[in-house]
Each structure stands twice: as structure tokens, then as C-alpha cells.
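Descriptive analysis of the structure
Take a look at the letters that make up each chain.
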Amino acid sequence: MKKIEITEIHIPPADFKSGMVNNLPKDRILLNWLIFWVEDGLNKNLFNFGDIIPSKKDFAKYHNVSTGTMQNAVRYAEDLGYFKSRQCVGTMIADKNAQNEAELSEKSVSKKDSAVFKIKKYIIEQKLKKGDILPSARIIANEIDTSQNTARLALDVLIREEILIQNVTTLNKTTKILNLDYKDIQIKKADDDTKETKKDTLSKKLYTKIKNYISKNYKINDRIMANTEFAKMFNVSVRTVNDAMKRLNKEKVVLSLRGRYGTRYIKEPEKIKKEAGEKSRFMSNPKSGGISAIKNSYSYDWQRVLDQIKKYMITHHEAGDKLPSMKTLASILNVSTNTIRRAVNELVGQGMLYCERGKHGGIYIVEMPAKEDAFTWLALNPKFLVQ
């Protein structure tokens, strides 16, 4: 494996003038150039499968185009099997003819792949035929419940598969159904449905591997390694690890929180009772709290402060009273103003508080919290009681 430098490219940049004659966009012209460059270079033994191509930024400078346009072209070539990307390594030249069924079945389904499938399904449901014009990418995105960018990428895939054709003019772009009629798309839909099921196997396999690794190497409440480390360990993409972690979070094997909190091992709820004595950085007496203490040990700062604010409301105020400012509350509870703001916003969403702007505005109590809600956490953490 070697890194191919941009100075080693043996053919001139893409000729956009001749390509534009056929109304091809720049990324499509660059795709054709990349395919020729790879095939010609392999035939002349200038590089081999597995060699790392120049960066997209260097390619963009070489062709005098934007990095985004070059990135689209490389992505298209990757979809066709000419390249493959590896996390923390780069984009490598791939042997598109060497992919066997087992390799294909272990590829996870991306948002783009899922969108391609949904657009085909949309074509069937709308009973569109050859020559019909599709709605805009924005409308398509709304119909298949995805982002506009994902919808555009999916439409590009269908254009490369020659299911759709895009007419580019100086005013706009129109996308038409090209070659497949209703019956052909039905066959394609069945094939894609099967492929979608097969491609999901990688995240399922990784889910099992990570689950077994965590149970063997971590104790309850331990903070586990980052997703990027799991990606390196199992030689997969971070996106695949994220998919596996979503499964583990859903099953309550782990709990992932943003920022400095990270991901912690919590196991199944029924097992938490047996291991409630494990240490917790938020509990004054970890062995006395039971399952409720374990549960609260994973809370964000604002979630714990929310209970303190409820306690403060019950102890010092009644419904209709005006609370101190966020800055004052932050000083009373010894936390940051941002933490108070997040907790207050949550209480506003619950209908307990009302915030009013302006000279005579402030935070007003609409509804008092139940006493048991306010005191449960504080009973486990007496040092946070407000005097």
C-alpha cells in the first residue's frame, strides 16, 4: 500500500468544455475522468489495488473545481466499486470485480441507500412511467422523510443507474424517469428489498461483538471507550459503530450522553438491582440508593439541577410567585447559568414555569411540582439540599 501523490497523476485534468456539450454536470465529468484514470493506471502498473489516492482537496486544485464537486465525484466512483474508504486511513483503489456476495452482504445500509430504495418505492406508489418528471428534491425529501441533501445524493445514484435522467439548462434542472417502466421498477424494488436486508448484517454482527466485549471488560457504571476506538478495534466505520450503539442504547445495555458524559455500561434494568452497589460519581452513598440511585447517576447536570429547582420552589414559593433570576438561581444552587437555563427551559416545556421578556419580565411559577418528585433525588444526595 502506498500513497499516490497528486504530482504522480499521468493524465491531464478533465476537459469540462467537451463534457458540457452533452449537458453533463461537472461531478459527472469528473466521475468519467476518475474511472479512466484508475483503469488506465492499473493497466500500466502505475499503482495497485489498495493504494491510497490523493486527497479530495488536492484533486479539486488539480481540476480547478470546488472540493464539494470533487467529493461528489469520488463518492460516485466509490458507489460503483472503484474506491473504498477506511476510517483514519483514507480512500483506496478497490477491485470492483473482486467483491463477492459475502462482502456485499456485510455492507450496512446508509441513509443514501435507504433513500434510493424509498424513491423507487415512491415511483411505484405514484405509478409514474417513462418520461414523467419527478418533483423537486425538496418535495421528494418530504415524501420519503429524509433531508434534502440525502434525497439529492439518492437521485444522483438513480441517475447513474440510468433509471432517471437529468436535463440541465441555464434556468433549472428537470429529472425524468428514463428507462425503467412500472414492471421493471417492481422487480428492482424486490431486489433492493433483499439487498437491504442483507446489508444490515454488519451492524448486527458488530452489535453482538461490542456487547460481548463490553460485558467481559467493563463493570456496571464504567465509562466505555469512544466509538472511534471501537471502529479501529473492529476495522469498521464509525457510522457502523454508531448503528450498533443505537441498538445497545435501545436495549439499555449502555447509555450514551453527549459531551463529557460519554457512554456508560448499565446492563439490563433487572440486573441493575443486583449490582446497585457499584460506584457512582454523583452519589454520596452508592450502596444505599438502589436502582433509583443508579438511574440518577447517569443524568446530565441540568437534569439533576431540575430536581433542585423543584425543591427550591416547594420550600420558598407558591404558584404565581416570581422566581429569582437565572443568575441568582445559579449562585444559590452553585451551578452555571447555562445549566440553570437548560433546566428552566425543561420546566417551561412541562408547563410548571412561564418566562416573560422585557423590563418587568422574569420566571413565574404556573404549577407547583409534586413533593415526591422533588425530594427523591435529594434524599439520595443530601449535600445538595438548599438551606
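Residues numbered from 1 in each chain as written. Predicted model: local features only at pLDDT ≥ 70, side-chain atom pairs only at ≥ 80, totals over all residues. Heavy atoms only, no water.

1. A word on helix 2 (residues 26-43)
Basically, it comes down to this: Elements are defined by DSSP. Helices are runs of H or I of four residues or more, strands are runs of E of two residues or more, and each kind is numbered from the N terminus. Expected helix span is taken as 1.5 Å per residue step, with the number of steps being one fewer than the number of residues. The cut-offs for exposure are 20% and 50% of the maximum accessible area for each residue type, with area from a 1.4 Å probe on protein chains only; residues under the lower value are buried, those over the upper are exposed, and the others partly exposed.
If you check helix 2, its first and last C-alpha atoms are 26 Å apart, about what 18 residues at 1.5 Å a residue would give, namely 26 Å. For helix 2, the full list of buried residues reads Asp 27, Arg 28, Ile 29, Leu 30, Leu 31, Trp 33, Leu 34, Ile 35, Trp 37, Val 38, Asp 40 and Gly 41. Directly after helix 2, the chain includes Asn 45, whose backbone phi takes a positive value near 60°.

2. Some thoughts on the pattern of salt bridges
Just so we agree on the cut-off: In the sections that follow, a salt bridge refers to a side-chain nitrogen of Lys or Arg positioned within 4 Å of a carboxyl oxygen of Asp or Glu.
By the definition in use, this model includes six salt bridges. A salt bridge links Glu 346 to Arg 342, with the nearest nitrogen and oxygen atoms 3.7 Å apart. Here Glu 346 and its partner Arg 342 are both found in helix 17 (residues 337-349), four residues apart, which amounts to about one turn of the helix. What emerges from the salt-bridge pattern is a single network uniting Asp 27, Arg 28 and Asp 156.

3. Brief notes about unusual backbone geometry
The backbone of Asn 235 shows a phi angle near 55°, a positive value even though the residue is not glycine. Relative to the assigned elements, Asn 235 resides in the loop between helix 11 (227-234) and helix 12 (238-250).

4. Points about the packing of helix 2 against helix 3 (residues 56-63)
What counts is decided by this rule: To get an axis, fit a line to the C-alpha atoms, keeping to the stretch in contact for a helix; angles then go from 0 to 180 degrees between the N-to-C directions. We call two directions roughly parallel when the angle between them is under 35 degrees, roughly antiparallel when it is over 145, roughly perpendicular when it lies between 65 and 115, and oblique otherwise. In this analysis, two residues are considered to be in contact whenever any of their non-hydrogen atoms come within 4.5 Å of each other. Each residue is assigned to one of three groups, with Ala, Val, Leu, Ile, Met, Phe, Trp, Tyr, Cys and Pro labelled nonpolar, Asp, Glu, Lys and Arg labelled charged, and all others, Gly among them, labelled polar.
It is at 13 Å that the axes of helix 2 and helix 3 come closest, and there the two elements cross at 105°. By the angle class used here, helix 2 and helix 3 are roughly perpendicular. Residue-level inspection shows Leu 30, Trp 33, Leu 34 and Trp 37 of helix 2 in contact with helix 3, the latter providing Phe 59, Tyr 62 and His 63. Along the lines of polarity and charge, the residues of the contact of helix 2 with helix 3 split into six nonpolar, one polar and no charged.

5. What about helix 11?
For clarity, the threshold we go by: The directions considered for the arc run from the helix axis to the C-beta atoms.
Those residues of helix 11 that fall on the buried side of the exposure criterion are Asn 227, Phe 230 and Ala 231. One side of helix 11 holds all its buried residues, which, seen down the axis, span an arc of 105°. Downstream of helix 11 by a residue or two, Asn 235 has a phi angle that is positive, lying close to 55°.

6. Some details on the nonpolar core
This is how it is decided: Grouping buried Ala, Val, Leu, Ile, Met, Phe, Trp, Tyr and Cys residues that are joined through side-chain atoms within 4.5 Å yields what is termed a nonpolar core.
Counting residues in each nonpolar core, the largest one holds 26 residues, and the members touching the most others are Trp 33, Leu 34, Trp 37, Phe 59, Met 70 and Phe 83. Among the secondary structure elements, those contributing two or more residues to this core are helix 2, helix 3 and helix 4 (67-79). Here the element with the most residues in this core is helix 2; it accounts for eight residues. Beyond its immediate sequence surroundings of up to four residues, Trp 33 is in contact with Ile 9, Ile 11, Pro 12, Pro 13, Ala 14, Phe 59, Tyr 62 and His 63.

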